[in-house]
Amino acid sequence: MLAGPSPKQRAASFRLPSPKPLSTLFAVWEAPDVLDRDKVLNWWTGRISDAELAEWSGMAPRAVAIVLGLPSMRGHVTGGGRGSRHTRRIAKKAKGAVAIIHALSEAGLSLELASNIVDTTSVIASQVIEAVDYIPDFGGFRSLCLTEPDGRWLPTDVVHARLWGRFVIPCRRIDDPNPSPGSIIPIPEEEFSPNERGTMIIHSVELVPLTDKPVYAGEYDPIGLYERANSRPEAIPALDEHLLIVDGRWIFSRSPDPSPLETLYRIHNDGEVPKPTFHLEPVSLIEPDKKTVRVIAWGRDPKAQDQARRRLENYESLLDVNLTLPVRRMKRRAYGLPVEVD
């Protein structure tokens with residue numbers, strides 16, 4: 001695992017064979033969808049400062065500190081102080097909680113109530129971030145402090161091998177001199193075998209490389225959520241978790257069935273997004289003081305759950321907040337991608 005050059009070194013040293021005809025094959029291509037590898041690794045390892053979390057989520061820095069200080073979050077923040085990116089790490093659950101609490105606050109809840117909702121039912125933040133950061137389980141893992149000893153990584157910084165070192169040669173069909181982003185074909189660096197013209201033929205289709213060296217493609221993104229052009233992220237019913245508050249008191253989770261993780265697994269294997277149904281589950285309630293939140297799910301209070309279901313059938317007010325969409329937006333900002341919000 002330690003032998004050989006790093007991914008950055010491989011990418012820098014790679015050169016295609018350049019016989020004379022090759023110069024006429026290249027199209028002008030600015031690589032608009034290439035992600036910054038350092039930003040991707042920082043996101044996945046949690047090498048993030050409070051200021052960055054505030055910038056990406058839209059939350060005030062002081063509010064970020066409050067969220068990370070919640071009892072259910074303290075164990076998910078390790079190492080140095082608020083700005084110590086090189087020694088502190090923020091686990092996935094805490095990242096998701098910041099975006100979710102900000103979304104609840106934007107929907108009209110006080111920061112204290114929004115924080116208490118996530119604090120008492122923190123499984124909500126876990127479910128959301130696991131789907132946002134889904135990656136198929138193949139290729140093994142890499143310890144960054146071993147593979148990149150000069151990168152100021154910690155022994156706990158272990159990432160999926162794909163995130164660490166997946167580089168591709170973006171190609172176009174030879175009969176498509178001006179390819180759109182959707183028609184560009186990424187060929188893994190290790191599978192690209194150019195002929196004497198510098199092209200590659202796959203299933204009778206001649207492909208022309210668009211760059212003279214590999215580009216980073218570590219993020220798993222089967223439906224284009226992190227393409228630069230997708231600057232206005234939208235709700236995706238099959239992947240999004242929602243939180244409903246009925247009559248200002250009864251809190252429900254609304255989850256798609258199949259689950260987002262199962263849907264992503266199917267996309268990876270079958271290439272199709274299944275049509276979901278939705279499951280509503282009363283999970284907690286807001287006490288009369290409008291601050292305290294009590295869990296009623298998972299066998300805690302079946303009678304209160306029944307009461308919540310009755311209220312849902314004849315409610316006076318209903319607040320529906322998409323919890324997944326703000327986390328996707330935050331991740332795009334973390335990657336340096338544009339985000340437009342109406």
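So, here's what we can say about the structure. (Residues numbered from 1 in each chain as written. Predicted model: local features only at pLDDT ≥ 70, side-chain atom pairs only at ≥ 80, totals over all residues. Heavy atoms only, no water.)

From N to C terminus, the protein chain includes twelve helices and 14 strands. When the 342 residues of the protein chain are sorted by exposure, 49% land in the buried category. Taking contacts inside the protein chain between residues at least 6 apart in sequence as the whole, the part at least 24 apart equals 68%. For the protein chain, the exposed area adds up to about 16800 Å²; of that, 52% sits on carbon and sulfur atoms. (Helix = DSSP H or I, 4+ residues; strand = E, 2+ residues; numbered from the N terminus. Buried < 20%, exposed > 50% of the residue type's maximum accessible area, 1.4 Å probe, protein only. Contact = heavy atoms within 4.5 Å. Areas by Shrake-Rupley, 256 points an atom, 1.4 Å probe, with all protein chains shown as cover.)

Below, the discussion takes up the pairing of strand 8 (residues 205-209). Pairing between strand 5 (residues 167-173) and strand 8: three bridges, direction antiparallel. Each residue of the ladder has a partner; that of R173, found in strand 8, is L207. Relative to strand 8, strand 7 (residues 200-202) is paired through three bridges, and the arrangement is antiparallel. Residue pairing in the sheet places I202 in a bridge with V205 of strand 8. Hairpin connection between strand 7 and strand 8: a loop of two residues separates the two successive antiparallel strands, and H203 in this loop has a positive phi of roughly 50°. (Pairing = 2+ DSSP bridges.)

Quick look at helix 3 (residues 50-57) now. For an α-helix, the turn length of 3.6 residues means that residues three or four places apart are oriented alike. Most of helix 3 sits inside the fold, with six of its eight residues counted as buried. Along helix 3, the residues that are buried comprise D50, E52, L53, A54, W56 and S57. Positive backbone phi, at 90°, marks G58, one or two positions downstream of helix 3.

Here the focus is the pattern of salt bridges. When the charged atoms of two side chains with opposite charge come close together, those side chains can pair. For the structure on display, the rule yields 18 salt bridges. Among the salt bridges present, the one from R311 reaches D247, with a minimum N-O distance of 2.6 Å. With R311 in helix 11 (residues 302-313) and D247 in the loop between strand 10 (242-246) and strand 11 (250-257), the pair connects residues that are 64 residues apart, well separated along the chain. The partner of R266 in a salt bridge is E262, with the nearest N and O atoms 2.8 Å apart. (Salt bridge = Lys/Arg side-chain N within 4 Å of Asp/Glu carboxyl O.)

A few words on unusual backbone geometry. Residue D257 is joined to P258 through a cis peptide bond whose omega torsion reads 10°. If you trace the backbone, P258 turns up in the loop between strand 11 and helix 10 (260-270). Positive phi is not limited to glycine here, since H203 has a value of about 50°. Its place among the elements puts H203 in the loop between strand 7 and strand 8. A residue is classified by how much of its surface remains accessible, and H203, at 76% relative accessible area, is exposed. Phi is positive for S204, which is not a glycine, with a value near 70°.

Moving on to the side chain of R37. Along the chain, R37 falls in helix 2 (residues 37-45). Of note is the side chain of R37, whose polar atom sits 2.7 Å from the backbone oxygen of W164. (Polar contact = N/O pair within 3.5 Å; in protein donor to acceptor, adjacent residues only side chain to side chain.)

This part covers the packing of helix 5 (residues 92-106) against helix 6 (residues 111-120). Running from N to C, helix 5 and helix 6 cross one another at 135°; their axes reach a closest spacing of 9 Å. Between helix 5 and helix 6, the interaxial angle falls into the category oblique. Crossing angle aside, the handedness with which helix 5 passes helix 6 is right-handed. For the pair formed by helix 5 and helix 6, the contact residues are A97, I100, I101, L104 and S105 on the first element and L111, A114, S115, I117 and V118 on the second. (Axes fitted to C-alpha atoms, helices over the stretch in contact; angles between N-to-C directions. Parallel < 35°, antiparallel > 145°, perpendicular 65-115°, else oblique. Left-handed = near helix turned anticlockwise from the far one by under 90°.)

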